[in-house]
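# Reading the structure
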Amino acid sequence: MLNLQKTFMGGLLAFALGTASSLAVAEEVSEGTMIHAGNIDEMLDRTFEGKTIQSMLPERLEWQIREYGLRIELKHSEELPRDPNYDRLTEQHAGTVSFNRDTGMIENYCTGLPFPEVSEDDPDAGWKLIWNHHFGQPTGGAQDYRRFAFLLIDEDGGLERTQYWRFQRFFETGRVDPPQSCGMDAPHHRTLLFATFPRDISGLGTLTIRHNDGRLDDTWAYIPAVRRVRTLSGGAWMDPIGGTDQLQSDIEIFNAHPTWFEDYKVIGQRWVLAVAHSKEPTWDESAGSPNAQHPRVDLANAPHWNPVDQWEPRKVWVIEATPPSEHPYSRKVMYMETEYPRFYFSETYDQGGDFWKWLNFALRPYQTADGGWGLISAWGQTVDFKARHATIFQSHPDWVLGGDLSADDVSRGALQRAGRR
Amino acid sequence: MKTTAQTRLTALGVAAPLTVALAGLPATASAFEVEVEGYVRQGFSMNLQNPRETDTNDAYRLSMARSTLRLDTRFIFDDISFTVISRGDREYRTSYLRRLERTGGGAYSSDSDDIDDFYNNAEIREAYFDLPLTNRISTRVGKQQLAWGETDFFQANDLIHGFDFSWRSFLEAENEELRKPLIMATFDIDVPEVDGNLQMFFRPGFDRKEDIGNTFDLVGSRWALQPNKGTDFLVPFPYDFDHPEGRHDEQTYGIRWSALTPGGIDYSLMYLRHHNPDPVFHQALNPFKGREGDFGPGNGSFIFPIVDTVGATASGYAAWADAVFSTEIAYTFDKPYNFSSTRTDAFDFQGRGSAGIKEEDTVSIMLRMDKIVDLTGTFLRTSRPSFASIQVFNTWLPGYSRSDNLVELVGYEARQQRWSTFVTGILGLNYNNDRINPQLAVGSDVTGGGSFFVIPSVEFAYGDNWRVLLEADLFFPLGNRSKRAEDETTDTRTIGYFDRNNQLYARFTYNF
């Protein structure tokens with residue numbers, strides 16, 4: 001009996017251990033696994049780096065896998081490189097900045113990340129994260145994106161049009177690169193943006209000055225067809241960029257002064273699958289066809305806007321932003337990396353509360369001119385599911401973070417010189 | 001052709017020293033790029049009304065079939081660049097144009113009776129060299145165009161160049177295609193501390209004669225002002241580009257300071273010496289300032305006297321109106337006007353402003369509001385907010401005296417008024433991610449009887465290359481017209497000049 005009992009118990013233990021063991025092997029999927037509509041149901045309960053796939057798929061991402069042919073290739077997560085200047089100056093000024101709930105503004109800011117420690121329980125956590133985003137993006141003191149592309153895509157017809165642009169931004173405040181700055185009295189940044197292709201928009205350029213005090217941007221446009229600079233409406237920050245699907249306030253997910261939105265609330269922290277180390281290249285000009293030139297976009301297959309990249313588990317803040325009543329969106333849910341204030345995704349909802357657009361921007365670490373590290377948007381997609389249309393942003397290898405771009409290079413005189421033919 | 005040969009010589013004159021300058025670049029200038037872009041375009045225009053001047057009903061006949069090739073080439077050596085913009089135009093001689101050649105005195109008589117010399121061109125429009133002298137100082141040398149001022153539709157401070165209104169009058173929206181480039185040196189000094197820029201230009205007077213002043217259809221072709229189609233005024237009254245008061249080779253120059261106020265107002269102040277943009281009729285019996293110059297067989301000519309203008313602009317965004325307000329003012333000293341004589345002066349030999357030239361200080365004032373209006377939720381259901389602009393343009397003669405009998409335009413009896421006011425408006429709509437872009441432009445001569453024009457258009461964008469524009473040009477002169485050449489009406493003004501000239505326009509462009 002004893003032996004029988006021992007045998008029975010031993011068998012039970014072996015069964016239990018064996019079952020657990022076989023379950024663990026079955027649930028953890030390996031790097032390179034592709035998640036797609038054909039296997040999504042069996043993948044949801046499996047794990048990657050110890051977390052279930054389902055727990056890392058926001059509802060709208062899973063929906064695109066099921067309904068829109070999105071395929072996600074898994075990649076192990078990697079740490080994002082740190083910029084020594086950024087960390088040193090952030091640490092040096094840590095704890096000095098305060099948030100004024102009445103004005104939505106921050107006080108005593110010098111440089112670096114305004115709020116290096118944000119607690120989920122803090123009722124102002126959403127605002128503080130947005131201010132971190134305002135001042136603390138690791139992009140160097142200047143961005144010279146010598147070329148980037150917009151691909152305009154129709155769900156049925158595929159690639160409709162291509163536009164090439166140049167983007168130059170010089171930060172006057174919040175700088176961690178020399179010349180370092182302290183305070184927020186000067187404008188935040190100056191941005192020169194002008195088109196180089198196709199011919200009918202070539203030379204069209206804008207200069208925008210973003211202020212820290214919350215007033216609307218100062219913006220001018222150079223119109224090559226009349227060879228003249230014209231003042232633009234500062235109220236256009238919530239309007240679409242030309243014929244794209246992206247609003248001005250959607251550039252790299254969020255592009256507005258924090259006080260222009262009504263409120264920000266932290267929904268929580270969670271894990272998502274996102275592209276933090278985008279494969280290179282995004283844009284290969286030497287390739288022949290558009291499909292080959294843009295290997296990070298599945299231009300060949302409907303809906304023609306799906307990304308082709310490697311996705312890794314990332315811990316993010318989920319923030320809900322409430323736009324002003326005149327904004328096209330009623331709310332905007334954004335997913336921010338916890339290591340740096342950069343966004344991966346956003347879901348936007350129309351005034352009727354219905355889901356409208358999906359924004360997905362892939363990150364790629366990029367060495368700055370002084371040897372530090374920054375993060376760039378390797379590509380970004382804005383999908384308007386109501387219009388069944390998308391705009392894909394494409395980076396170019398010929399980009400410079402930091403470098404010798406100065407405020408003089410991003411001036412009204414430069415706007416005219418850059419744009420005029 | 002003479003015109004082409006002169007253009008080539010001019011271009012060579014510009015290009016040769018630039019080539020020498022480029023050859024002198026340091027050997028370390030490593031980055032070299034060549035950018036080429038341009039377009040091939042075909043435009044068709046059709047009469048929607050029957051012009052009275054021909055003996056046939058020419059309604060719904062082609063008034064224009066114009067082919068254009070434009071090529072922009074830029075050679076970039078690091079920070080230095082050399083740009084060449086060339087354009088060739090060829091027109092098919094439509095049956096309507098052939099009839100204009102046979103009507104009355106015959107259109108194009110002054111150009112060897114040949115439409116080819118009037119509309120067909122092959123020229124290097126611009127050829128200039130951009131050279132940064134320091135981080136803040138740069139220069140552009142060569143044949144170029146420089147636009148000052150705020151308004152595109154009128155000329156207040158945009159006076160450095162003349163415009164070519166001969167082939168489609170004022171209707172072509174891209175006025176860089178109409179502006180007549182000049183050989184100049186331009187210097188830019190940036191002052192970023194105040195968001196400022198000091199710009200100076202010097203024109204040494206090397207330009208061709210035909211590059212001076214505005215070119216109107218004075219040869220009796222499709223855009224000749226009614227009732228002058230088929231009448232080539234340049235036969236009896238040719239241009240005199242060597243008149244001592246308006247020599248084509250006289251130096252002109254200007255300086256402009258533009259900056260941003262701390263409150264965000266963009267302003268500029270300028271002075272320029274320039275040829276009067278519009279030609280004035282100069283007659284032998286009453287020479288301008290007693291200086292005769294050269295006259296045609298009709299004892300008259302058209303001249304472009306040199307004048308001085310000071311001006312200012314301002315523009316800024318007003319949050320309370322969510323709109324951009326712009327203004328522009330220009331004061332031209334001693335601007336020349338034609339006048340009629342009420343007496344039986346010997347020199348008033350034809351009436352309609354032909355008695356000679358008088359000078360009057362003239363103030364041009366423009367006020368404009370640009371506003372983004374959200375029509376996405378209206379019955380128009382645009383795909384994004386729309387651009388709307390309304391503009392008031394006023395011409396004021398502070399020393400005006402009715403007894404001077406100044407005329408608004410030679411050839412017509414309508415008097416110049418102390419105040420002349422024009423209002424224009426534009427509404428641009430966008431659909432389908434800007435692939436379908438309708439636009440409505442309207443304008444009214446408020447002090448000229450309220451006559452108006454309406455220009456609805458729609459542009460279609462297909463892919464990266466193809467653009468198609470369809471446009472109707474509709475004029476409503478109301479009572480503001482004259483029906484026959486011999487009418488001595490005194491109320492035919494700006495819109496009335498275009499009576500019975502409604503057009504339908506289609507433009508097909510392949511960009512590359």
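All values reported here derive from a predicted model rather than from experimental measurement. Numbers given to residues run from 1 along each chain, matching the order in which its sequence is written. Here chains are named by letter from A upward and ligands by number from 1 upward, in the order in which they appear as written. Local features in this predicted model are restricted to residues of pLDDT 70 or higher, and side-chain atom pairs are both shown and tallied only at a pLDDT of 80 or more, whereas totals for entire chains, interfaces and linings draw on every residue.

Another point: the overall build of chain B. Each helix is a run of DSSP H or I of at least 4 residues and each strand a run of E of at least 2, with the numbering of both proceeding from the N terminus. A count of helical and extended segments in chain B gives three helices and 20 strands. Here a residue counts as buried when 20 or more other C-beta atoms fall within 10 Å of its C-beta, as exposed when 12 or fewer do, and as partly exposed in between; the C-beta atoms come from the backbone. Looking at chain B residue by residue over its 512 residues, the buried ones come to 43%. By the criterion used throughout, residues are in contact when their C-beta atoms, derived from the backbone, lie within 7 Å. Contacts in chain B between residues at least 24 apart in sequence constitute 64% of all its contacts with a sequence separation of at least 6.

The helix and strand tally for chain A stands at seven helices and 20 strands. The reference for a compact globule is 2.2 Å times residues^0.38; the radius of gyration itself is calculated from the C-alpha atoms. The globule rule puts the C-alpha radius of gyration for 421 residues at 22 Å, and the 24 Å found for chain A is close to it. With the principal axes as the frame, chain A shows a C-alpha extent of 100 × 55 × 45 Å. Residue burial in chain A is summarised as follows: out of 421 residues, 51% are buried. At a minimum sequence separation of 6, the contacts of chain A that also span at least 24 residues come to 58%.

All names here are of chain A. We call two strands paired when DSSP finds no fewer than two bridges between them. Where strand 10 (residues 205-210) meets strand 11 (residues 218-223), five bridges bridge the pair, whose relative direction is antiparallel. From the neighbouring strand, Leu207 faces strand 11, where its bridge partner is Trp220. Taken together, the five bridges between strand 11 and strand 12 (residues 228-232) define a ladder with antiparallel strand orientation. Counted as the bridge partner of Ala221 is Arg230 from strand 12. A loop of four residues connects strand 11 with strand 12, the two strands running antiparallel in sequence, and Arg227 in this loop sits at a positive phi of about 55 degrees.

Time to look at the interface of chain A and chain B. The interface is formed by 33 residues belonging to chain A together with 45 residues belonging to chain B. When residues of the side of chain A that touches chain B are traced back to their parent elements, those giving at least two are strand 8 (158-171), strand 12 and helix 7 (412-419) of chain A. Under the scheme applied, nonpolar residues are Ala, Val, Leu, Ile, Met, Phe, Trp, Tyr, Cys and Pro; charged residues are Asp, Glu, Lys and Arg; polar residues are all the others, including Gly. Its residues placed into classes, the side of chain A that touches chain B shows ten nonpolar, eleven polar and twelve charged.

Residue and element names in this part refer to chain A. An automatic or database domain assignment provides the domain bounds reported here. Split by domain assignment, chain A resolves into domain 1 (31-74) and domain 2 (125-419). Taking only C-alpha atoms into account, the centre of domain 1 sits 27 Å from that of domain 2. Counting residues at the interface gives 15 residues for domain 1 and 14 residues for domain 2. Of all the elements, strand 4 (residues 72-74) adds the most residues to the side of domain 1 that touches domain 2, at three residues. Residues of the side of domain 1 that touches domain 2, tallied by class, amount to eight nonpolar, two polar and five charged.

A few words now on the confidence of the model for chain A. The predictor rates its confidence in each residue with pLDDT, a number between 0 and 100. Here chain A averages 91 in pLDDT, while 93% of its residues score no lower than 70. Low pLDDT, under 50, characterises residues 1-24 of chain A; the stretch is placed with zero contacts to residues that sit more than four places away or in other chains.

Turning next to helix 5 (residues 125-135) of chain A. Residue and element names in this part refer to chain A. Most of helix 5 is tucked away, with ten of its eleven residues classed as buried. Buried within helix 5 are the following residues: Gly126, Trp127, Lys128, Leu129, Ile130, Trp131, Asn132, His133, His134 and Phe135. Contacts made by the buried residues of helix 5 are with strand 5 (98-99), strand 6 (106-107), strand 13 (263-274), strand 14 (310-322) and strand 15 (331-337).

Moving on, we get to unusual backbone geometry. With omega at -5 degrees, the peptide bond leading from Glu280 of chain A into Pro281 of chain A counts as cis. The residue after Ala302 of chain A, namely Pro303 of chain A, is reached through a cis peptide bond having omega 5 degrees. Mapped onto the elements of the fold, Pro303 of chain A is located in the loop between helix 6 (290-293) and strand 14. Phi at Glu252 of chain A takes a positive value of approximately 50 degrees, unusual for a residue other than glycine. Within the element layout of this structure, Glu252 of chain A appears in the loop between strand 12 and strand 13. Residue classification places Glu252 of chain A among the partly exposed residues on the basis of 18 C-beta atoms within 10 Å. At Asp334 of chain B, a residue that is not glycine, the phi angle is positive and equals roughly 55 degrees. With respect to the secondary-structure elements, Asp334 of chain B resides in strand 13 (residues 323-339). Taking the C-beta count within 10 Å as the criterion, Asp334 of chain B has 14 such neighbours and is therefore assigned partly exposed.

The next point concerns helix 3 (residues 59-67) of chain A. Residue and element names in this part refer to chain A. Every buried residue of helix 3 is accounted for by Leu61, Gln64 and Ile65. On an axial view of helix 3, the arc spanned by its buried residues comes to 100 degrees, and they lie on one face. The exposed residues of helix 3 that point more than 90 degrees off its buried face are Glu59, Arg66 and Glu67. Each element contacted by the buried residues of helix 3 is listed here: strand 1 (34-35), helix 2 (40-43) and strand 4. Just beyond helix 3, the residue with positive phi is Gly69, at close to 75 degrees. The arc in question is traced by the directions running from the helix axis to the C-beta atoms.

Turning to the pairing of strand 2 (residues 62-77) of chain B, a few remarks are in order. All names here are of chain B. Pairing of strand 1 (residues 32-47) with strand 2 involves 15 bridges; the strand directions are antiparallel. Paired with Glu37 across the bridge in strand 2 is Asp72. Of the pairings in the sheet, the one linking strand 2 to strand 3 (residues 80-91) comprises twelve bridges and is antiparallel in character. When the sheet's bridge partners are listed, Leu71 is paired in strand 3 with Ser86. Counting the residues that bridge the hairpin from strand 2 to strand 3 gives two residues, and of these Asp78 lies at a positive phi of roughly 50 degrees.

Here the focus is the environment of Lys315 of chain A. Residues and elements named next belong to chain A. Take Lys315: it is sitting in strand 14. Separated by 181 residues in sequence, Lys315 and His134 have C-alpha atoms that sit 20 Å apart. Those residues in contact with Lys315, other than ones at most four positions away along the chain, are Gln269, Trp271 and Thr338.

Residues and elements named next belong to chain B. Summarising the model, chain B shows a mean pLDDT of 88, and 89% of its residues fall at 70 or more. Here helix 1 (residues 2-23) stands out as the element of chain B with the lowest mean pLDDT, 35, in contrast to strand 20 (residues 503-511), whose mean of 98 is the highest. In the predicted structure, residues 1-29 sits below a pLDDT of 50 and forms 27 contacts with residues beyond four places in sequence or in another chain. Interface scoring of the predicted complex returns ipTM 0.86; its pTM is 0.88.

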